[in-house]
Amino acid sequence: MGMAAAGLVALLLASTSCSGDRGGFGSRPSPTPEPPAISPEPLPSPLQVVVRAREGFRFEPASIRAEAGRALEIVLRNEDDRAHTFVVDELNVLMLAGGGQTVRAAVAIHLGNAGMFAFYCQIPGHRAGGMEGRVRVVPPGSG
Ligand SMILES: [Cu+2]
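Residues numbered from 1 in each chain as written. Predicted model: local features only at pLDDT ≥ 70, side-chain atom pairs only at ≥ 80, totals over all residues.

**Student:** What should I look at first to understand the environment of L91 in this one?
**Tutor:** With respect to the secondary-structure elements, L91 resides in the loop between β5 (84–88) and β6 (93–97). Residue classification places L91 among the buried positions, given that 20 C-beta atoms sit within 10 Å. Between the C-alpha atoms of L91 and V107, which are 16 residues apart in sequence, the distance is 7.6 Å. When sequence neighbours within four positions are dropped, the list of residues in contact with L91 reads V107, I109, N113 and F117. (Helix = DSSP H or I, 4+ residues; strand = E, 2+ residues; numbered from the N terminus. Buried ≥ 20, exposed ≤ 12 C-beta atoms within 10 Å, placed from the backbone. Contact = placed C-beta atoms within 7 Å.)

**Student:** What exactly am I supposed to notice about the environment of E60 here?
**Tutor:** Along the chain, E60 turns up in strand β2 (residues 58–60). Each C-alpha atom of the pair E60 and R77 lies 9.7 Å from the other, and the pair is 17 residues apart in sequence. Each residue touching E60, except ones within four places of it in the same chain, is listed here: R52 and R54.

**Student:** What am I meant to see in the nonpolar core here?
**Tutor:** In summary, soluble globular proteins display a tendency toward joint burial of nonpolar side chains. The biggest cluster of nonpolar side chains holds 18 residues, and the ones touching the most others in it are I74, L76 and F86. Mapped onto this core, the elements with two or more residues apiece are β1 (47–54), β4 (72–78), β5, β6 and β9 (132–138). Of all the elements, β4 adds the most residues to this core, at three residues. Apart from the residues lying within four places of it in its own chain, the contact partners of I74 are V49, V51, F86, V93, M95, R104, A105 and V107. (Core = buried A, V, L, I, M, F, W, Y, C linked by C-beta atoms within 7 Å.)

Below you can see the structure in the form of structure tokens.
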């Protein structure tokens, strides 16, 4: 009766590619070509909004703002002792926070997203009780 020991062998392959020295005597070093200028637009930092879910079926603030083309970070701080959600259908946002929880979501707001949208809590009865507000997505660059 023997115990089979399985050995793991990690094989590391280090491959170094040397571009050989071309050109012999008399060749002048050619200037290294500049990498093509891609000049990426610096990504604007995400806009952060904090929405609090309060006792009595309220969101505070009831109106938030976002910017088209700029990511939005939503911080949902549930100060109630029951669970709430934060939903924006048009922006594909669905967040759930249990009582006392804080959750975050990063939302891509596309350039075509400008407009006014409703946010609400989708737990039955909550929206009717007043848990709704609106997101205003302003065009890019409008502050
Ligand atoms: Cu709710």
